[in-house]
Amino acid sequence: MLEILYQDDALLAVDKPAGLPVHRSRLVGPADAFLIDLLREQIGGELFLAHRLDRATSGVLLVARSAAVAAELGEQFMGRDVHKQYLAVVRGWPEPAEGVVDYPLPGSRETGPRREARTRYRRLATVEVPIALGRYPQQRYALLLAEPESGRFRQIRKHMAHIHHPVIGDCQHGRGDHNRLYKQHFGCHRMLLHAWRLSFRHPRDGRAMTLEAPLDGAYRALLERFGWPTTFR
């Protein structure tokens, strides 16, 4: 059963698990289940996605109870009135510790036109683990707070890869050797990108809403193993 973070007669927010595709699309391979179908069975009635999360990403996902509410929320996302905050574990220690990746990105087709895209990031914690890989006897990793100012396809994943600090577990844009290291040494088999917090205006009365999704057990266990914080501000 999916965890419901918030619900009223206009919308609800669900904690999307990593590895569960949101809906059927040409970009999603074979799958036994889709979040929107499971949610309709669990909640009942008509439901409309207000935005998307990648299959491998976990965290807060907004779902509307009507097409009109979905459209209003969509306008907030398109107008960049929604504040999105993600937690990501990346290879290396990004420098500076706080910065902006400003790099145009295409849509779902890599050959499509590139559009302006910016992602702010801030290093929350770092670790150096004594595991040899390649020519390095130790490996460095960092926990980031990432805040995309735009909403391009796989924006955070592509931006982190662009600055040579890919998200751990990212099979498309990451590093296979480091992904394997996390599976073999830490038992971590998911991509370490989590949609932690979402702030927006309620479409009915305009009140400010901020919703958070807790880290799942695998993500939290890894942070604890590294001695990193598991609560954030």
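Refer to the structure presented above.
Residues numbered from 1 in each chain as written. Predicted model: local features only at pLDDT ≥ 70, side-chain atom pairs only at ≥ 80, totals over all residues. Heavy atoms only, no water.

Each helix and strand in the protein was counted, giving 5 helices and 10 strands. Rg of the C-alpha trace for the protein: 18 Å, near the compact-globule value of 17 Å for 233 residues, within the 12% margin. In terms of overall dimensions, the protein has C-alpha extents of about 55 × 35 × 35 Å along its principal axes. Burial status across the protein gives 47% buried among its 233 residues. Pairs at least 24 residues apart make up 63% of the contacts formed inside the protein by residues separated by at least 6 positions. Working note: accessible area of the protein is about 11,700 Å², and carbon and sulfur atoms make up 48% of it. (Helix = DSSP H or I, 4+ residues; strand = E, 2+ residues; numbered from the N terminus. Rg over C-alpha atoms; globule rule 2.2 N^0.38 Å. Buried < 20%, exposed > 50% of the residue type's maximum accessible area, 1.4 Å probe, protein only. Contact = heavy atoms within 4.5 Å. Areas by Shrake-Rupley, 256 points an atom, 1.4 Å probe, with all protein chains shown as cover.)

Here the focus is the packing of aromatic side chains. Going through the model one piece at a time under the given rule, you end up with 6 aromatic pairs. Look at Phe186 and Phe226: their rings are 5.3 Å apart centre to centre, the planes differ by 85 degrees, and that puts the pair in the edge-to-face class. Of the two residues, Phe186 is situated in helix α4 (residues 176–186) and Phe226 in the segment after α5 (217–225); the sequence distance between them amounts to 40 residues. Accessibility assignment for this pair places Phe186 and Phe226 in one class, buried. Taken together through their ring pairs, the aromatic side chains of Tyr141, Tyr182, Phe186, Phe226 and Trp228 make up a single cluster. Above the face of the Trp93 ring, Arg140 is positioned so that its terminal group lies 3.8 Å from the ring centre. (Phe/Tyr/Trp six-rings, centres within 6.5 Å; stacked < 30°, edge-to-face > 60°. Lys NZ or Arg CZ within 6 Å of the ring centre and 35° of its normal.)

Across the 8 residues of helix α3 (residues 155–162), 6 count as buried, placing the element largely inside the fold. Taken together, the buried positions of α3 are Gln155, Ile156, Arg157, Lys158, His159 and Met160. Structurally, α3 contributes buried residues whose contacts are with β5 (83–91), β6 (98–102), β7 (118–129), β8 (139–148) and β9 (193–201). After α3 finishes, the residue His164 shows a positive phi value of roughly 65 degrees.

On to the pairing of β5, then. With 7 of 9 residues buried, β5 lies mostly within the body of the structure. By the bridge criterion, 6 bridges tie β5 to β9 in an arrangement that is antiparallel. Across the sheet, Ala88 pairs through a bridge with Leu193, a residue of β9. Taken together, the 6 bridges between β5 and β8 define a ladder with antiparallel strand orientation. When the bridges of β8 are listed, Val90 appears paired with Ala142. (Pairing = 2+ DSSP bridges.)

This part is about helix α2 (residues 67–78). Counted at 1.5 Å a residue, the expected span for α2 with its 12 residues is 16 Å, and the 16 Å between its end C-alpha atoms agrees. Where α2 is buried, its residues meet β2 (11–16), β3 (48–49), β4 (58–64), β5 and β9. In the stretch just after α2, Arg80 is the one whose phi turns positive, near 60 degrees. (Expected span 1.5 Å × (residues − 1).)

The next thing to look at is the pattern of salt bridges. Scanning all chains against the criterion turns up 15 salt bridges. The partner of Arg80 in a salt bridge is Glu116, with the nearest N and O atoms 2.7 Å apart. On the criterion of sequence distance, the pair formed by Arg80 in the loop between α2 and β5 and Glu116 in the loop between β6 and β7 is long-range, its members being 36 residues apart. Given a relative accessible area of 40%, Arg80 falls into the partly exposed group. Of the residues examined, Glu116 reaches a relative accessible area of 35% and is grouped as partly exposed. With a shortest N-O distance of 2.7 Å, Asp177 and Arg175 are connected by a salt bridge. When its relative accessible area of 22% is taken as the criterion, Asp177 is described as partly exposed. When its relative accessible area of 34% is taken as the criterion, Arg175 is described as partly exposed. Because the salt bridges share partners, they merge into one network encompassing Asp102, Arg118, Arg120 and Glu149. (Salt bridge = Lys/Arg side-chain N within 4 Å of Asp/Glu carboxyl O.)

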